[in-house]
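# Notes for the structure review
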Amino acid sequence: MTSPWTNWAGTHTATPARVSHPASPAELGECVRAAAAEGLPVKAVGSGHSFTPAALTEGVRLELDRMASLVRVDGNLVTVQAGMKLSALNAVLAANGLAMPNLGDIDAQTISGALSTGTHGTGAAYGCLSTFIEALTVVVADGTELTCSAGENPELFAAARVNIGALGVLSSVTLRCVPAFTLRADERPAALADVWSGLDEHIGTNDHFEFYWFPYTDRVQMKRNNIVPTADQPLSGWRRWLDDDFLSNTVFGAACRLGRAIPSSVPAVSRISARALSARTYTATSHEVFCTPRRVRFVEMEYGLPRENLREAFDGLRRIVDGLPYKIQFPVEVRFTAADDIWLSHGYGRANAYIAIHQYVGARYEEYFRQFEAVTTPLGGRPHWGKMNFRTAESLAAAYPRFTDFTALRDKLDPNRVFANVYTERVLGA
């Protein structure tokens, strides 16, 4: 049976010719072979947390909900099927005394979707989540399942860890995990000028550092997470509910609705929000600190930049916000990651600073996003593959040193474009 599929933000919808729920790599391979024989394109979908049309297809939609189990634990190497959500993965790892070395702030994505789009957290010593992959298996266009690692099919490994769904469908992934650990979270408001003056120290002396800037103000919220030996300062259930549920979702959602209805109220609300935030320090299991609930829907664009270009890009962003004919309701998030060697990773060959901009769902955003992209592109900006962008293959080829190597491998593995759609055609070429 077929049914429309819509992403989390409600920005993209497609109805396929059919929907398949394979339960094994063999069934997944058969689904791909059958679709290819009929001349139908194939796309696997996860939880829909991409803001791009990366998962859309009018051919065969693959849902991996029946391929979402733990395969095995071998020391600190954990193999899971590709349809497992990050929230379930975190629970599996915790039950085995393990954890992911780093995470982003949302755990609703499937592991395959998060890896394929280059999802990342923050921390100068950590690359994107795909850098934690020890090995993976992918079903390619002829239905064959290929295994790759640093020592087996190394070119495929360099490409498939961040692949935008263009090389095939991930069936399983082996992750290099670490012993479970505790984080001390320190979150507090600050002046933007103080963040800039101490930025190198903030990045260098904290395991995980990020900040949120409130538009129309000179205020930020800093977040510093550091590994500690014991959970000696737990957050009360009441305080967690107040901060992460009521204030960050219920109250913030109401403020966004007010701003959409009365745009002139947005700067005042932003100033009040920035001043009303209180500091908090607590300890908790790593994934409980990294991941927080996000129920207020939004659209997002995020660009990775060489760290030395962060200030120029950020100052350009502030000028854009001040000059727009409408108001920006969401804070701007700034994070940091290490360099890596994955061909289509935003951090390929360089340490990155990331700027993520958001707008409340249903509010105007395109001019904001396009102007920001115009500022970041000449500064070496690389768009997050799961978040909105307007780039084309021609401009992206100049941003990624191994871009043509990736597209050549795609030509080899999928010459008939079984896994192509409108998004891959735009960002990788037809």
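See the structure printed just above.
This structure is a prediction, so every number in the text was calculated from the model and none was measured.

### A word on helix α11 (residues 366-376)
Of the residues making up α11, those classed as buried are Tyr 368, Phe 369, Phe 372, Glu 373 and Thr 376. Buried residues in α11, looked at end-on, bunch into an arc of 125 degrees, giving them a common side. Considering only its buried residues, α11 is in contact with β17 (298-306), α10 (310-323), β18 (332-337) and β19 (352-360).

### Overview of the pattern of salt bridges
Close approach of charged atoms allows side chains with opposite charge to pair. Counted by the stated rule, this structure contains 18 salt bridges. In this structure, Lys 387 and Glu 302 form a salt bridge, with 2.8 Å as the shortest nitrogen-oxygen distance. Taken together, the positions of Lys 387 in the loop between β20 (382-383) and α12 (393-399) and Glu 302 in strand β17 put the pair 85 residues apart, joining distant regions of the chain. By relative accessible area, which is 1% here, Glu 302 ends up buried. In this structure, Arg 402 and Asp 405 form a salt bridge, with 2.4 Å as the shortest nitrogen-oxygen distance. Assessed through its relative accessible area of 30%, Asp 405 is described here as partly exposed. When salt bridges with common partners are traced through the structure, they connect Glu 300, Glu 302, Glu 333, Arg 335 and Lys 387 into a single cluster.

### Topic: the environment of Cys 148
Of note, Cys 148 is situated in strand β10 (residues 145-149). Sequence separation of Cys 148 and Leu 136 is twelve residues, and the distance between their C-alpha atoms is 5.7 Å. With residues near it in sequence (within four places) discarded, Cys 148 still touches Ala 135, Leu 136, Asn 153, Leu 156 and Phe 157.

About the thresholds
- Residues numbered from 1 in each chain as written.
- Predicted model: local features only at pLDDT ≥ 70, side-chain atom pairs only at ≥ 80, totals over all residues.
- Heavy atoms only, no water.
- Buried < 20%, exposed > 50% of the residue type's maximum accessible area, 1.4 Å probe, protein only.
- Helix = DSSP H or I, 4+ residues; strand = E, 2+ residues; numbered from the N terminus.
- Arc of directions from axis to C-beta.
- Contact = heavy atoms within 4.5 Å.
- Salt bridge = Lys/Arg side-chain N within 4 Å of Asp/Glu carboxyl O.

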